[in-house]
There are 2 protein chains.
Amino acid sequence: MLQINTERLVASLLELGTHGALPGGGVNRLALTDADRAGRDWTVAQMRALGMQVEIDAIGNGIATYAGSEDLPPVMCGSHIDTVRTGGLYDGNLGVLAGLEVVRTLKDAGVRPRRPIAVAFFTNEEGSRFQPDMLGSLVYVGGLPLAEALAAPAVDGPLLGDELARIGYAGSAPVGQPVVDSYFELHIEQGPVLDQQGIQIGVVEGVQGIYWTRLVFTGKSNHAGTTPMALRADAGMAAMRTAAFAHQLAEQTGGRQLATVGSLELVPNLVNVIAAQARMTVDLRNTDAAALAQVRAQLHAFAAQCAQEHGVQLEAETLADFDPVAFDPALVDSVEQHARAAGCSTLRLPSGAGHDAQMLARVCPTAMIFVPSIDGLSHNVREYTPPADIGRGAQILLQVMLERANR
Amino acid sequence: MLQINTERLVASLLELGTHGALPGGGVNRLALTDADRAGRDWTVAQMRALGMQVEIDAIGNGIATYAGSEDLPPVMCGSHIDTVRTGGLYDGNLGVLAGLEVVRTLKDAGVRPRRPIAVAFFTNEEGSRFQPDMLGSLVYVGGLPLAEALAAPAVDGPLLGDELARIGYAGSAPVGQPVVDSYFELHIEQGPVLDQQGIQIGVVEGVQGIYWTRLVFTGKSNHAGTTPMALRADAGMAAMRTAAFAHQLAEQTGGRQLATVGSLELVPNLVNVIAAQARMTVDLRNTDAAALAQVRAQLHAFAAQCAQEHGVQLEAETLADFDPVAFDPALVDSVEQHARAAGCSTLRLPSGAGHDAQMLARVCPTAMIFVPSIDGLSHNVREYTPPADIGRGAQILLQVMLERANR
């Protein structure tokens with residue numbers, strides 16, 4: 001049986017991590033910055049060195065193809081190589097470099113599968129510099145018009161299209177090409193479940209639905225000592241009661257329902273002044289679309305009622321809204337079977353974070369493989385996955401892709 | 001009947017307001033700054049011009065006495081002339097300058113009451129530059145050792161004693177002298193009740209108890225999408241649930257119970273990151289000491305339980321703790337009777353804010369008179385009380401003091 005080379009793969013992760021390396025460890029390779037260009041240039045060079053045909057499309061996605069014995073739609077894997085401002089070495093990068101390690105292993109063994117193997121890196125997955133996140137893969141599957149994506153402004157000013165051109169990645173290949181047979185993505189879990197339970201391979205069944213809303217409650221600032229409860233328009237209290245309700249909703253709904261209020265700001269934020277304004281975000285996630293929709297409706301109903309009770313105004317803005325995605329059952333089974341056959345412990349779980357795979361799932365059978373994140377840390381310079389886990393994940397990726405490509 | 005001169009009183013408020021005047025209106029006369037010295041110098045000059053004997057005590061309180069026909073303990077009135085950083089013309093200043101207007105009226109009419117009339121301004125009532133607030137009157141009544149007060153550091157560095165000396169107000173009079181017969185304080189309400197109900201004179205029955213606590217919940221930062229509810233240590237949620245409980249407590253307790261969470265800060269305060277830390281203040285007030293103590297105990301019990309449920313650490317710090325103060329029933333009745341006799345509408349109410357009067361109440365019969373604050377605004381450059389209300393308040397002050405001084 002073909003075996004990927006774990007040391008070689010880990011070395012490539014470390015080498016890619018030198019581009020945009022932060023002084024204290026970790027990486028800053030925000031999309032379409034000079035550091036991202038350096039990472040892209042290095043990755044493309046790796047692809048070319050493997051004899052792959054590299055195409056850069058009009059949104060800057062890079063797709064490298066290792067020819068099959070027949071001219072069929074390729075089996076693709078990939079992810080992204082942009083990072084958050086204080087990112088690690090693994091998020092995204094592992095999916096791309098494990099794909100190249102798969103090709104390297106095939107090439108070294110002189111194996112050419114029936115279908116081509118494609119390895120992709122998608123533009124601006126993180127969404128840290130341009131909105132929305134998963135932008136490159138979203139454009140690739142036709143979910144966002146190219147022109148609209150090119151016009152997205154960076155948080156630091158310039159337009160995405162201009163930055164693509166500036167770094168030399170406004171490619172000429174049409175977006176959405178090639179049409180692929182299937183898509184696989186190896187990724188670190190970015191959560192604590194596998195690490196805490198000592199599981200080696202996460203068999204990802206899908207991506208949970210995500211709904212983000214910003215609630216802005218506007219009341220009236222007043223003296224905390226001289227304003228009777230009944231005469232207050234306490235924006236902070238309306239917000240915090242709504243936050244507590246969101247928690248209660250998640251507990252009552254159970255299953256995989258998550259609710260997080262990660263951001264709340266009170267104005268003027270003084271001990272003895274009733275808040276005139278509270279700006280709060282609520283992050284709701286669930287793998288069950290119906291349950292998520294119900295929780296979302298209940299949250300907004302409560303917020304509106306709470307605002308009315310407190311005599312404050314409420315404005316709500318949707319910041320993100322993605323339906324749950326179910327991956328292809330046959331491919332998910334295939335991941336699980338190969339992992340078990342390799343003697344790995346496995347757990348079926350949904351992805352809590354968004355990934356390019358959820359976009360690809362719109363156009364082809366798709367699956368993901370997770371490996372553990374130590375302490376669940378990600379989007380963090382201390383993000384870490386041990387070499388043994390990286391090797392196991394890449395080996396499963398090799399086997400499922402090869403089986404799929406040879407069928 | 002003697003009548004105070006409203007125009008003259010309002011003119012004096014405007015003139016004192018020129019010292020430390022802010023460009024856009026309002027006043028910044030933080031305690032023991034150069035602006036405070038200018039306000040003190042002007043006030044002392046006014047006192048001397050009325051032929052009053054002025055003493056500055058060791059904590060910088062200024063006490064001016066208009067001799068009575070007998071050498072008895074004086075009937076005192078007063079307040080403070082320091083302001084918050086963005087204060088108005090009325091808070092504190094009215095109580096001092098209305099006292100001088102009372103003396104001016106007596107002097108113009110050649111009236112000398114049986115007991116002396118004293119007018120005091122107390123050091124650092126606001127507590128904006130030195131802690132605690134109401135410091136000068138607290139030292140005056142023996143509630144805080146002089147040495148400790150002199151060692152209080154300013155928010156901008158220097159010690160209170162050094163600042164007193166620097167501005168020439170480290171006086172030689174012993175603190176707590178003279179022993180007074182009684183104390184009256186005219187003040188703007190600093191709340192909306194009188195203004196909203198169209199009441200002219202507030203008959204202040206006492207000052208509510210105040211309890212401030214800072215609660216710091218410390219949990220663990222994690223990804224909002226990948227961390228199951230059961231594996232979270234969500235500091236923000238523990239804090240916000242405790243805030244919601246504080247509101248519920250105030251509603252259930254009823255009466256004059258107030259609960260305010262004016263300040264809450266989440267770390268790192270990002271939409272998709274579970275908060276690692278939440279720093280929150282809770283401001284609880286009630287005129288009923290037993291009810292306040294119960295609410296305080298219930299709050300801390302809930303916070304501790306909530307922290308445990310969320311797996312987060314909790315630290316609590318007391319920032320303020322004052323028992324409710326009841327004013328002298330006979331003096332309170334006297335204020336009400338004189339106001340009604342003058343044809344004023346009246347309302348008995350507690351003071352929601354702290355005042356020097358609550359310190360004086362420890363050593364002599366004390367009462368307060370409130371006049372309306374438009375829109376309840378105070379500690380605000382837009383603080384305003386119309387001349388007619390100022391005149392009514394000063395007239396009642398004159399009458400109750402004269403009656404008390406002549407008994």
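Per an unreviewed UniProt entry, chain A is named Zn-dependent hydrolase, and its organism is Corticibacter populi.

A.B. asks: How do you make sense of the overall build of chain A when you look at a structure like this?
C.D. replies: The helix and strand inventory of chain A stands at twelve helices and 16 strands. In terms of overall size, chain A behaves like a compact globule, its C-alpha atoms giving a radius of gyration of 23 Å where 407 residues would be expected to give roughly 22 Å. Reported as C-alpha extents along the three principal axes, the dimensions of chain A are approximately 80 × 45 × 40 Å. Expressed as a percentage of the 407 residues in chain A, the buried residues total 60%. Partitioning the intrachain contacts of chain A with sequence separation of at least 6 by distance along the chain shows that 80% fall at a separation of at least 24. Across chain A, the 28 positively charged side chains and the 43 negatively charged ones have centroids separated by 1 Å.

A.B. asks: Would you explain the packing of helix 2 (residues 34-49) of chain B against helix 3 (residues 93-108) of chain B in this entry?
C.D. replies: The description of two helices packed together rests on the angle between their axes and the distance between the axes. All names here are of chain B. Direction vectors running N to C along helix 2 and helix 3 enclose 15 degrees, while the axes themselves pass 10 Å from each other. Comparing their axes, helix 3 and helix 2 come out roughly parallel. Where helix 2 crosses over helix 3, the handedness of that crossing is left-handed. Here helix 2 contributes Trp-42, Thr-43, Gln-46, Met-47 and Ala-49 to the contact with helix 3, which in turn contributes Val-96, Leu-97, Leu-100, Arg-104 and Lys-107.

A.B. asks: Can you help me understand the UniProt feature "domain: Peptidase M20 dimerisation" (unreviewed entry) in chain A in this one?
C.D. replies: According to UniProt, the feature "domain: Peptidase M20 dimerisation" (unreviewed entry) maps to residues 207-305 of chain A in the numbering used here. Counting secondary structure, residues 207-305 of chain A comes out at 36% helix and 32% strand; the distance between its end C-alpha atoms is 32 Å.

A.B. asks: Looking at this structure, how should I read the relation of the copies chain B and chain A?
C.D. replies: In summary, the two copies of the chain are related to each other by a rotation about an axis coupled with a shift along it. After a rotation of 180 degrees and a shift along the axis of 0.2 Å, chain B superposes on chain A with an RMSD of 0.2 Å. This pairing of chains is accounted for by a two-fold axis. For chain B, the smallest separation between a C-alpha atom and the rotation axis is recorded for B:Met240, amounting to 2.5 Å. Of all interface residues in chain B, 100% are interface residues in chain A too; the two copies therefore contact each other through one and the same surface.

A.B. asks: Would you mind going over helix 2 (residues 34-49) of chain A with me for this structure?
C.D. replies: Each full turn of the α-helix corresponds to 3.6 residues, which orients residues three or four apart in the same direction. Residue and element names in this part refer to chain A. An ideal rise of 1.5 Å per residue puts 22 Å on 16 residues; helix 2 measures up with 22 Å between its terminal C-alpha atoms. Every buried residue of helix 2 is accounted for by Ala-35, Asp-36, Gly-39, Arg-40, Trp-42, Thr-43, Val-44 and Met-47. Where the residues of helix 2 are buried, they touch helix 1 (6-16), strand 1 (53-56), strand 2 (62-66), helix 3 (93-108) and strand 4 (117-121). Of the residues flanking the end of helix 2, it is Gly-51, one or two places downstream, whose phi is positive at about 75 degrees.

A.B. asks: Explain the UniProt feature "binding site: Zn(2+) 1" (unreviewed entry) in chain A to me, please; I cannot follow it from the model alone.
C.D. replies: Residues and elements named next belong to chain A. Under the local residue numbering, the UniProt record ascribes the feature "binding site: Zn(2+) 1" (unreviewed entry) to His-80, Asp-91 and His-187. For the residues just named, distributed over 108 residues, the greatest C-alpha separation is only 10.1 Å, placing them together at one site. The residue His-80 is located in the loop between strand 3 (75-79) and helix 3 in this model. When near neighbours in sequence (up to four residues on either side) are disregarded, His-80 contacts Asp-91, Gly-92, Asn-93, Val-96, Phe-122, Glu-125, Glu-126, His-187 and Asp-356. Reaching out from His-80, the side chain makes a polar contact with the side chain of Asp-91 at a distance of 3.2 Å. Take Asp-91: it is sitting in the loop between strand 3 and helix 3. Look at Asp-91 and you get buried, because its relative accessible area is 5%. Once residues within four sequence positions are removed from consideration, Asp-91 is found in contact with His-80, Glu-126, His-187, Ile-188, Gln-190, Ser-378, His-379 and Glu-383.

A.B. asks: What's the story with the domain arrangement of chain A in this structure? I'm lost.
C.D. replies: Think of interface size as the accessible area that goes away when the parts come together; that is how it is often given. Residues and elements named next belong to chain A. Along its sequence, chain A is organised into domain 1 (6-208 + 324-406) and domain 2 (209-322). Each of domain 1 and domain 2 was reduced to a C-alpha centroid, and the two centroids are 36 Å apart. Taken together, the 13 residues of domain 1 in the interface contact ten residues of domain 2. The contact between domain 1 and domain 2 buries some 820 Å² in all, and 62% of this surface belongs to carbon and sulfur atoms. Contact with domain 2 buries surface across domain 1, with Gln-208, Pro-324 and Pro-350 losing the most and accounting together for 65% of the total.

A.B. asks: Help me understand the interface of chain B and chain A, please; the structure alone is not making it clear to me.
C.D. replies: Facing the 51 residues of chain B at the interface are 51 residues of chain A. Between chain B and chain A the total buried area reaches about 4400 Å² when both faces are included, carbon and sulfur atoms providing 61% of it. Looking only at chain B, the three residues that lose the most surface to chain A are B:Thr226, B:Met229 and B:Val271, adding up to 15% of its buried area. Here chain B is connected to chain A by zero salt bridges. Run the count over chain B and chain A and you get 16 residue pairs in polar contact (both at pLDDT 80 or more). Of all the secondary structure elements, the ones that give two or more residues to the side of chain B that touches chain A are helix 7 (193-197), strand 8 (222-223), helix 8 (235-253), strand 9 (258-260), strand 10 (264-267), strand 11 (273-274) and strand 12 (277-286) of chain B. Here the residues of the side of chain B that touches chain A sort into 22 nonpolar, 20 polar and nine charged.

A.B. asks: Just to check I follow, could you spell out the pairing of strand 16 (residues 366-371) of chain A for this structure?
C.D. replies: Residues in a regular strand point their side chains to alternate faces of the sheet. All names here are of chain A. For strand 16, a buried count of six out of six residues is recorded, marking the element as mostly surrounded by other parts of the structure. Going residue by residue along strand 16, you find Thr-366, Met-368 and Phe-370 tucked away on one face and Ala-367, Ile-369 and Val-371 tucked away on the opposite face as well. When strand 5 (residues 182-188) meets strand 16, the two strands line up parallel, connected through six bridges. Paired with Tyr-183 across the two strands is Thr-366, which belongs to strand 16.

What counts as what
Residues numbered from 1 in each chain as written. Chains lettered and ligands numbered in written order. Predicted model: local features only at pLDDT ≥ 70, side-chain atom pairs only at ≥ 80, totals over all residues. Heavy atoms only, no water. Helix = DSSP H or I, 4+ residues; strand = E, 2+ residues; numbered from the N terminus. Rg over C-alpha atoms; globule rule 2.2 N^0.38 Å. Buried < 20%, exposed > 50% of the residue type's maximum accessible area, 1.4 Å probe, protein only. Contact = heavy atoms within 4.5 Å. Lys, Arg positive; Asp, Glu negative; His and termini not counted. Charge placed at Lys NZ, Arg CZ, Asp CG, Glu CD. Axes fitted to C-alpha atoms, helices over the stretch in contact; angles between N-to-C directions. Parallel < 35°, antiparallel > 145°, perpendicular 65-115°, else oblique. Left-handed = near helix turned anticlockwise from the far one by under 90°. UniProt positions renumbered as here; feature names shortened; annotations may be inferred. Least-squares fit on C-alpha atoms with pLDDT ≥ 70 in both. Expected span 1.5 Å × (residues − 1). Polar contact = N/O pair within 3.5 Å; in protein donor to acceptor, adjacent residues only side chain to side chain. Domains from an automatic or database assignment. Buried area = accessible area lost by both parts, 1.4 Å probe. Salt bridge = Lys/Arg side-chain N within 4 Å of Asp/Glu carboxyl O. Nonpolar A, V, L, I, M, F, W, Y, C, P; charged D, E, K, R; others polar. Pairing = 2+ DSSP bridges.

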